[in-house]
Amino acid sequence: MRQRRLKFSPQLSAILGLAVVAIGAWAAWLGWDQHRDVHPDGTVTGPYEAWQVIGLVLTLLAPVYWAASRRLVAGAVLGTTAGLTVAASVDWSDDPSGLYMVGVGMVAVGSLVLTAVVGTVIASWKRGGGRHDAGRSGA
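Residues numbered from 1 in each chain as written. Predicted model: local features only at pLDDT ≥ 70, side-chain atom pairs only at ≥ 80, totals over all residues. Heavy atoms only, no water.

A. Looking closely at the overall build of the protein chain. Helix and strand counts for the protein chain stand at 4 helices and 2 strands. Helices (α) and strands (β) of the protein chain occur, in sequence order from the N terminus, as α-β-β-α-α-α. Sorting the 139 residues of the protein chain into buried and exposed places 29% on the buried side. In the protein chain, once contacts between residues fewer than 6 apart in sequence are set aside, the share between residues at least 24 apart is 63%. Carbon and sulfur atoms provide 67% of the accessible area of the protein chain, an area that totals close to 9,400 Å². (Helix = DSSP H or I, 4+ residues; strand = E, 2+ residues; numbered from the N terminus. Buried < 20%, exposed > 50% of the residue type's maximum accessible area, 1.4 Å probe, protein only. Contact = heavy atoms within 4.5 Å. Areas by Shrake-Rupley, 256 points an atom, 1.4 Å probe, with all protein chains shown as cover.)

B. Focus on the layout of surface pockets. Estimated volume of the largest pocket: approximately 410 Å³. Of all the secondary structure elements, the ones that give two or more residues to the lining of the largest pocket are α2 (50-69), α3 (73-92) and α4 (100-129). Among the elements that take part in the lining of the largest pocket, α4 stands out by supplying 7 residues, more than any other. Looking at the lining of the largest pocket, its residues break down into 14 nonpolar, 4 polar and no charged. A volume near 340 Å³ is recorded for the second largest pocket. Along the wall of the second largest pocket there are 15 residues; nearest its centre are Arg36, Pro47, Tyr48, Trp92 and Asp95. Looking at the lining of the second largest pocket, the elements that each hand over two or more residues are α3 and α4. (1 Å grid on protein atoms, 1.4 Å probe; cavity = no way out; pocket = protein on both sides within 12 Å on 5 of 7 lines; lining within 4 Å. Points joined across faces, edges and corners; volume = space filled by probe spheres on them. Nonpolar A, V, L, I, M, F, W, Y, C, P; charged D, E, K, R; others polar.)

C. Structural detail: the packing of helix α1 (residues 10-29) against α3. The contact between α1 and α3 brings their axes to 7 Å, and the two run at 35 degrees. Judged by the sense of rotation from one axis to the other, the crossing of α1 with α3 is right-handed. (Axes fitted to C-alpha atoms, helices over the stretch in contact; angles between N-to-C directions. Left-handed = near helix turned anticlockwise from the far one by under 90°.)

D. How the structure looks around unusual backbone geometry. Of note in this structure, Arg71 is not a glycine but carries a positive phi near 60 degrees. Inspection of the secondary structure assignment puts Arg71 in the loop between α2 and α3. What makes Arg71 exposed here is its relative accessible area of 52%.

E. Expanded view of α1. End to end, α1 covers 28 Å across 20 residues, agreeing with the expected 28 Å (1.5 Å per residue, within 8%). Taken residue by residue, α1 has Ala14, Leu18, Ala19, Ala22, Ala25 and Trp26 as its buried positions. End-on view of α1: buried residues confined to an arc of 135 degrees, all on one side of the axis. In α1, the exposed residues that point more than 90 degrees away from the buried face are Val20 and Ala28. At its buried positions, α1 is contacted by α2 and α3. (Expected span 1.5 Å × (residues − 1). Arc of directions from axis to C-beta.)

In structure tokens, the structure reads:
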């Protein structure tokens, strides 16, 4: 009897790979900063600084670009969204206010929309608009 090897589709591989990358990027950029800053006027901010979130976004641009440029937009979108949503849910689950699911929902919707837009733009650019012949004249 012949055995069939289990083959993952490229989209499934992209989803799983980007989910792992997104979870790792979350841990690297946001996972270590868990304290809130109390200012002299009594306002509380944090636990993350803007540079940490910007670093997370810029780090995730590379794998999203890689997947989208190979026409794996669904993998880029679903993998990144799933990874960030899982990471946020685990990171924020000990929130005493009980409102952490609101934040997790915002991360899920925001990452879904933004990676869909970025992935679609990259895929369409790579499909035709970004490939110009260097020797071609405009006349």
